[in-house]
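What follows is the residue order along each chain.
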Amino acid sequence: MSMGMNVSFRDDQMVALRRCADRDGSGVHDVVLLAVDEYLGTAHRTMVRQTAQEQAAKWRELMDRLK
């Protein structure tokens, strides 16, 4: 499913987006979608890493006793 969305960029952001799009030979839309995909991937990895650290700390004593 595709959902439309209106996003307002500051002038400096729009200039930078156009520069990136021109450099890559793509459109501003493609650059924005790539940035969102990268952000979401990073956010997911960060959440997984944080959860793993929390669980390791929670179960550390038990894991040490099982060694």
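My aim in this report is to walk through the structure given alongside it, one point at a time.

Procedures and definitions
Residues numbered from 1 in each chain as written. Predicted model: local features only at pLDDT ≥ 70, side-chain atom pairs only at ≥ 80, totals over all residues. Heavy atoms only, no water. Salt bridge = Lys/Arg side-chain N within 4 Å of Asp/Glu carboxyl O. Helix = DSSP H or I, 4+ residues; strand = E, 2+ residues; numbered from the N terminus. Expected span 1.5 Å × (residues − 1). 1 Å grid on protein atoms, 1.4 Å probe; cavity = no way out; pocket = protein on both sides within 12 Å on 5 of 7 lines; lining within 4 Å. Points joined across faces, edges and corners; volume = space filled by probe spheres on them. Nonpolar A, V, L, I, M, F, W, Y, C, P; charged D, E, K, R; others polar. Patch = residues over 30% accessible without salt bridge, like charges linked within 9 Å, V, L, I, M, F, W, Y side chains within 5 Å. Areas by Shrake-Rupley, 256 points an atom, 1.4 Å probe, with all protein chains shown as cover. Bend = angle between axes of the 7 residues up to and from the residue. Axes fitted to C-alpha atoms, helices over the stretch in contact; angles between N-to-C directions. Parallel < 35°, antiparallel > 145°, perpendicular 65-115°, else oblique. Contact = heavy atoms within 4.5 Å.

In this section: the pattern of salt bridges. All told, the structure shown has 3 salt bridges when counted by the stated rule. Between aspartate 12 and arginine 10 there is a salt bridge, with the nearest N and O atoms lying 3.0 Å from each other.

On to helix α1 (residues 11-24), then. Over its 14 residues, α1 extends 20 Å from the first C-alpha to the last, a length consistent with the 20 Å expected when each residue adds 1.5 Å. A positive backbone phi angle near 70° is found at glycine 25, which sits one or two residues after α1.

This part covers the layout of surface pockets. Reported here for the largest pocket is a volume of approximately 290 Å³. Around the largest pocket, the lining residues are Met3, Gly4, Met5, Val7, Phe9, Val28, His29, Val32, Leu33 and Val36. Class assignment of the residues belonging to the lining of the largest pocket gives a composition of 8 nonpolar, 2 polar and no charged.

On the surface, a cluster of nonpolar side chains totalling about 420 Å² of accessible area is made up of Trp59, Leu62, Met63 and Leu66. With respect to the helices and strands, methionine 63 occurs in helix α2 (residues 28-66).

Let's shift gears to α2. An α-helical segment advances 3.6 residues per turn. Residues three or four places apart therefore align on the same side. Taking 1.5 Å of rise per residue, the 39 residues of α2 would be expected to cover 57 Å, and the 54 Å separating its terminal C-alpha atoms lies within 8% of that figure. Arginine 60 marks the point of greatest bend in α2, at about 60°.

To continue, consider the packing of α1 against α2. One way to put it is that α1 packs onto α2 with a least axis distance of 8 Å and a crossing angle of 100°. Taken together, the axes of α1 and α2 lie roughly perpendicular to each other. Counting all contacts with α1, which are made through Met14, Leu17, Arg18, Cys20 and Ala21, the residues of α2 involved are Val28, Val31 and Val32. Grouping the constituent residues of the contact of α1 with α2 by class yields 7 nonpolar, no polar and 1 charged.

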